[in-house]
Amino acid sequence: MTAARLSARELTLAYEDRTVVDRLDLTIPDGKVTVIVGPNACGKSTTLRALGRLLKPKSGAVLLDGESLAKLPTKKIAQQIGLLPQTPVAPEAITVADLVARGRQPHQHWWQQWSDEDEKAVTEAMERTDVAALAERSVDELSGGQRQRVWIAMALAQDTGLLLLDEPTTYLDIAHQVEVLDLVRELNHDRGRTVVVVLHDLNQAARYADHLVAMKTGEVVAEGTPAEVVTEELVRQVFGLECVVVPDPVTGSPLVVPGPPWSASATAPAHSGTSA
Ligand SMILES: Nc1ncnc2c1ncn2[C@@H]1O[C@H](COP(=O)(O)OP(=O)(O)O)[C@@H](O)[C@H]1O
Ligand SMILES: [Mg+2]
């Protein structure tokens, strides 16, 4: 068995003195869609940023093709790993086309600023994310959902073998959520890309993940196929939620249905017929 391209070894991540992730070991399976789930503030974004070298480990390492990210040149990493953070910040007044084009920076050389391949990657990325019509608009003036799709286009234009996306469906309506997640699947399927996505929706996670990682307070509590991970017991343990897990009627993946928020025996049923 060959080693996975991306992994974390005894990774400890902290802000100032506050440790958020403590000696985490995580292996990202090649050519698969890995989805990370877990309650708010458990360290999902922190972990993803470290996998993309946006955050420097306190100790331990993230390994890319067996080498510590800390030892690799930024440009080389950016040719291999694309990262869309949870709340990316666009330069002021930049247009959609210019922002997406920034995804090409890691592929440019001093002797050639802009190639046909760059042009093609940008056009294709904008088409796939349905933002081509917005090309000349300023990113500032877009809706949250449009802006999110532009960021995804930028990450696609970067054309990396590894793609890390932090809650890419936030701000999107349900049709665009499904579209983005289908696109993630497609990218993985067509090009064998390795994708890591943080999702807050457990049911979407169970639908789209090949490999599901459940985190709680900076630790991996469970990982495996959605069927292995998403159980009533796990949802209770990780999210503190009573639920029933049934097969998704469309995909057969586990579907979490929250339990009743009130107890029928403690609440008098609302009878009709009392109106004046
Ligand atoms: N830039 C930061 N500075 C200080 N603390 C942070 C920063 N980013 C995140 N944290 C803290 O680290 C913890 C984990 O955050 P995060 O990784 O964003 O969680 P998640 O993505 O799972 O919601 C939280 O307690 C959060 O408040
Ligand atoms: Mg987050």
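Scoring rules and cut-offs
- Sequence order sets the numbering: in each chain, residues are counted from 1 along the sequence as written.
- Just so you know, chain letters begin at A and ligand numbers begin at 1, following the order they were written in.
- Totals for whole chains, interfaces and linings use all residues, but because this is a predicted model, local features are given only for residues with pLDDT of at least 70 and pairs of side-chain atoms are given and counted only at 80 or more.
- Here a helix means four or more residues in a row that DSSP labels H or I, a strand means two or more in a row labelled E, and each is numbered from the N terminus.
- Exposure classes come from backbone-placed C-beta atoms, where a residue is buried if 20 or more other C-beta atoms lie within 10 Å of its own, exposed if 12 or fewer do, and partly exposed in between.
- Throughout, a residue-residue contact means that the two C-beta atoms, derived from backbone geometry, are no farther apart than 7 Å.
- A helix is expected to span 1.5 Å multiplied by its residue count minus one.
- Taken from the helix axis, the directions to the C-beta atoms give the arc we talk about.
- Defining nearness, a residue is near a molecule or strand when the C-beta atom obtained from its backbone falls within 6 Å of it.
- Residue polarity follows a fixed list, in which Ala, Val, Leu, Ile, Met, Phe, Trp, Tyr, Cys and Pro are nonpolar, Asp, Glu, Lys and Arg are charged, and the others, Gly among them, are polar.
- In short, DSSP must find at least two bridges between two strands for them to pair.
- Every angle, taken between N-to-C directions, lies between 0 and 180 degrees, and every axis is a line fitted to C-alpha atoms, over only the stretch in contact when it is a helix.
- Any set of buried Ala, Val, Leu, Ile, Met, Phe, Trp, Tyr and Cys residues joined through C-beta atoms within 7 Å is what this text calls a nonpolar core.
- UniProt positions are given in the numbering used here, feature names are shortened, and annotations may be inferred rather than shown by experiment.

**What about the overall build of the chain?**
Scanning the chain for helices and strands turns up 9 helices and 12 strands. Expressed along its principal axes, the backbone C-alpha trace of the chain runs to roughly 80 × 50 × 40 Å. The buried share among the 276 residues of the chain stands at 36%. Relative to all contacts within the chain whose residues are 6 or more apart in sequence, the contacts with residues 24 or more apart total 63%.

**What about helix 4 (residues 116-128)?**
If you check helix 4, its first and last C-alpha atoms are 18 Å apart, about what 13 residues at 1.5 Å a residue would give, namely 18 Å. Every buried residue of helix 4 is listed here: Ala121, Val122, Ala125 and Met126. End-on, the buried residues of helix 4 take up no more than an arc of 125°, which puts them together on one face. Turned more than 90 degrees off the buried face of helix 4, the exposed positions are Asp116, Glu117, Glu119 and Lys120.

**Considering the site of ligand 1**
Residues in close proximity to ligand 1 include Tyr15, Val20, Gly38, Asn40, Ala41, Cys42, Gly43, Lys44, Ser45 and Thr46, which together make up its full environment. The element contributing the most residues to the shell around ligand 1 is helix 1 (residues 44-51), with 3 residues. Here the residues of the shell around ligand 1 sort into 4 nonpolar, 5 polar and 1 charged.

**With respect to the sheet that holds strand 9 (residues 211-216)**
Within a sheet, neighbouring strands are paired by backbone hydrogen bonds and run either parallel or antiparallel to one another. Reading across from one edge, 6-7-8-3-9-10 is the order of the 6 strands in this open sheet, with mixed pairing throughout. The two strands at the open ends of the sheet, each matched to only one other strand, are strand 6 (81-84) and strand 10 (219-224). For this sheet, the mean angle separating the axes of adjacent strands, direction not counted, is 15°. Where strand 7 (residues 162-166) lies against strand 8 (residues 194-198), 5 bridges are found, and the strand directions are parallel. Bridged to Leu164 within strand 8 is Val196. Here helix 1 sits on the sheet in contact with strand 3 (33-37), strand 7, strand 8 and strand 9, set at roughly 150° to strand 8. Docked against the sheet, helix 5 (residues 144-157) engages strand 6 and strand 7, running at close to 170° with respect to strand 6.

**Quick word on the sheet that holds strand 1 (residues 6-15)**
As summarised here, the arrangement of the 4 strands in space is 2-1-4-5, forming an open sheet in which the pairing is antiparallel. At either margin of the open sheet sits one strand with a lone partner, and together these are strand 2 (18-28) and strand 5 (67-68). Relative to strand 5, strand 4 (residues 59-64) runs antiparallel, the two being bridged by 2 bridges. Within strand 5, the residue paired with Leu64 across the bridge is Glu67. Against the sheet, helix 1 makes contact with strand 1, strand 2 and strand 4, and its axis sits at roughly 120° relative to strand 1, the strand it touches most.

**Some thoughts on helix 1**
Here helix 1 lies mainly inside the structure; 6 of its 8 residues are buried. Listed as buried for helix 1 are Lys44, Thr46, Thr47, Leu48, Ala50 and Leu51. Arg53 lies just past helix 1 and shows a positive phi near 60°.

**Side note on the pairing of strand 3**
For strand 3, the tally of buried residues reaches 5 of 5 residues, placing the bulk of the element in the interior. With 4 bridges connecting them, strand 3 and strand 9 associate as parallel partners. Following the sheet pairing, Val37 is matched in strand 9 by Ala214.

**Here's the deal with the pairing of strand 2**
A regular strand places its side chains on the two faces of the sheet in alternate fashion. Where strand 1 meets strand 2, 7 bridges bridge the pair, whose relative direction is antiparallel. Its bridge partner lying in strand 2, Ala8 is registered against Leu26. Adjacent in sequence and paired antiparallel, strand 1 and strand 2 are bridged by 2 residues, among which Glu16 carries a positive phi angle near 55°.

**A word on the nonpolar core**
Membership of the largest hydrophobic core comes to 71 residues, with the highest contact counts inside it found for Val35, Val100, Ala153 and Leu164. The leading source of residues in this core is helix 5, at 8 residues. Residues in contact with Ala153, not counting those within four places in the same chain, are Val100, Ala125, Met126, Thr129 and Val131.

**Structural notes on the UniProt feature "domain: ABC transporter" (unreviewed entry) in the chain**
Sequence positions flagged by UniProt for "domain: ABC transporter" (unreviewed entry) are, in local numbering, residues 6-242. This span, residues 6-242, is 36% helix and 25% strand, and a straight line between its end C-alpha atoms measures 34 Å.

**Brief notes about the environment of Gly252**
Structurally, Gly252 can be placed in the loop between strand 11 (243-247) and strand 12 (254-258). Given 11 C-beta atoms within 10 Å, Gly252 falls into the exposed group. Taking the C-alpha atoms as reference points, Gly252 and Ala206, separated by 46 residues in sequence, lie 9.8 Å from one another.

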